[in-house]
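# Summary of the model geometry
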Amino acid sequence: MARTFFVGGNFKMNGLKESIKAIVEQLNAAELPSNVEVVIAPPALYLDWAQTHLKQATVEIAAQNSFDKNTGAYTGEVAVEQIKDVGAKWVILGHSERRTILNETDEFVASKTKFALDNGLGVILCIGELLEERDAGKTIEVVNRQIDAVVEKVKDWSNIVIAYEPVWAIGTGLAATPEDAQAVHAAIRKHLVEVIGAEQAENTRIIYGGSVNGKNAKSFNGAADIDGFLVGGASLKPEFVDIINARQ
Ligand code: PGA
């Protein structure tokens, strides 16, 4: 089964009503390929707003985080049920900014992943190594550890998209080379074969994130294990449409 190309736009803590509406309207006006799944992740406050303005059938909305418990006394958190209530279908979990700045552990990310999946959201599961881990030759060890924490809790990976995002490439303008990214993606898929079986490993999308832009996106074409992108900065700009079209 061919894996459907997947492009996510992570707005991070950016945008106000007007700019988010403008981005959504730009997507509405664009001619988007029907063979690419596109998901945009505005800040939680604007999920409803983005969904209200979205008119493109191939674009869905994601939250940037969710909690591992149902609605209740958890001040400041966002429930999966609330995310679904405003029409969003996905959540980004384990982003390195949350792992490093908010101190989220592998175990907590895994717990949130399980809860989101069990309650009907798709999960864009972010993994990736720090620069010092890469320099120490620990990239594969780190991403495998991050995956294994989820494997311990989740057996069905059909609603997970893995986003490999080397932390040193995020927001730096220094994207991984297609060769380096492909090598890590292939290693991730090899590990998936071992921990969730060959069929699920073959079907799981592994997308690349870290300084992807309208200019470099096409350079990843031909990398057999790169099934799309998770885009930060460039998802706020018109070039996001070029990234969506990179595989055409
Ligand atoms: P960037 O961010 O595209 O701005 O590097 C990617 C991400 O953090 O998902």
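All figures in this text were calculated on a predicted structure; none of them were measured in a lab.

## Here we look at the site of the ligand
The environment of the ligand is made up of 13 residues, and the closest members are Lys 12, His 95, Glu 165, Gly 171 and Ser 211. Take Lys 12: an N or O atom from its side chain is 2.7 Å from an oxygen atom of the ligand. The separation between an oxygen atom of the ligand and a polar side-chain atom of Glu 165 is 2.6 Å. Burial of the ligand by the protein amounts to 95% of the accessible area it has alone, namely 280 Å². In terms of residue class, the shell around the ligand is built from four nonpolar, seven polar and two charged.

## Some remarks on the side chain of Asp 225
By the secondary structure assignment, Asp 225 is in the loop between β7 (206-209) and β8 (228-231). Taking relative accessible area as the criterion, Asp 225 reaches 13% and is therefore assigned buried. Ignoring anything within four residues of it in the chain, the contact list for Asp 225 reads Arg 3, Gln 182, His 185, Ala 186, Arg 189 and Ile 206.

## Brief notes about the nonpolar core
Judged by nonpolar contacts, the single largest core of 67 residues is most densely connected at Val 7, Trp 157, Ile 188, Leu 192, Tyr 208 and Phe 229. Excluding residues within four positions of it along the chain, Ile 188 makes contact with Ile 127, Val 143, Ile 147, Ile 162, Tyr 164 and Ile 206. Counting residues in hydrophobic clusters, the runner-up holds 12 residues, among them Phe 6, Ala 62, Ile 92 and Ile 207.

## Notes on the sheet that holds β7
If you trace the eight strands once around the closed barrel, you get β1-β2-β3-β4-β5-β6-β7-β8, paired in parallel fashion. The sheet shows a mean angle of 25° between the axes of neighbouring strands, direction not considered. Sheet analysis places strand β4 (residues 90-93) next to strand β5 (residues 122-127), joined by four bridges and oriented parallel. The partner of Leu 93 across the bridge, within β5, is Leu 125. Strands in contact with helix α7 (residues 139-151) are β5 and β6 (160-164); relative to β5, the strand with the most contacts, it is inclined by about 150°. Sitting on the sheet, helix α8 (residues 178-196) touches β5, β6 and β7, and the angle it makes with β7 is about 145°.

## Points about the packing of α7 against α8
Look at α7 against α8: their axes get within 10 Å of each other, and the N-to-C directions meet at 35°. Crossing angle aside, the handedness with which α7 passes α8 is right-handed. Along its contact with α7, which presents Thr 139, Ile 140, Val 143, Asn 144, Ile 147, Asp 148 and Val 151, the element α8 presents Val 184, Ala 187, Ile 188, His 191, Leu 192, Val 195 and Ile 196. Grouping the constituent residues of the contact of α7 with α8 by class yields 10 nonpolar, three polar and one charged.

## A short note on the packing of aromatic side chains
This structure, assessed with the given rule, holds seven aromatic pairs. Both rings, one in Phe 6 and one in Trp 90, keep their centres 5.1 Å apart while their planes meet at 70°; by these two values the pair is edge-to-face. Placement of the pair is Phe 6 in strand β1 (residues 5-10) and Trp 90 in strand β4, with a sequence separation of 84 residues. We classify Phe 6 as buried; its relative accessible area is 0%.

Rules and cut-offs
- Residues numbered from 1 in each chain as written.
- Predicted model: local features only at pLDDT ≥ 70, side-chain atom pairs only at ≥ 80, totals over all residues.
- Heavy atoms only, no water.
- Near = heavy atom within 4 Å.
- Polar contact = N/O pair within 3.5 Å; in protein donor to acceptor, adjacent residues only side chain to side chain.
- Areas by Shrake-Rupley, 256 points an atom, 1.4 Å probe, with all protein chains shown as cover.
- Nonpolar A, V, L, I, M, F, W, Y, C, P; charged D, E, K, R; others polar.
- Helix = DSSP H or I, 4+ residues; strand = E, 2+ residues; numbered from the N terminus.
- Buried < 20%, exposed > 50% of the residue type's maximum accessible area, 1.4 Å probe, protein only.
- Contact = heavy atoms within 4.5 Å.
- Core = buried A, V, L, I, M, F, W, Y, C linked by side-chain atoms within 4.5 Å.
- Pairing = 2+ DSSP bridges.
- Axes fitted to C-alpha atoms, helices over the stretch in contact; angles between N-to-C directions.
- Left-handed = near helix turned anticlockwise from the far one by under 90°.
- Phe/Tyr/Trp six-rings, centres within 6.5 Å; stacked < 30°, edge-to-face > 60°.

Such coordinate-based values are descriptive only and should not be taken to indicate function.
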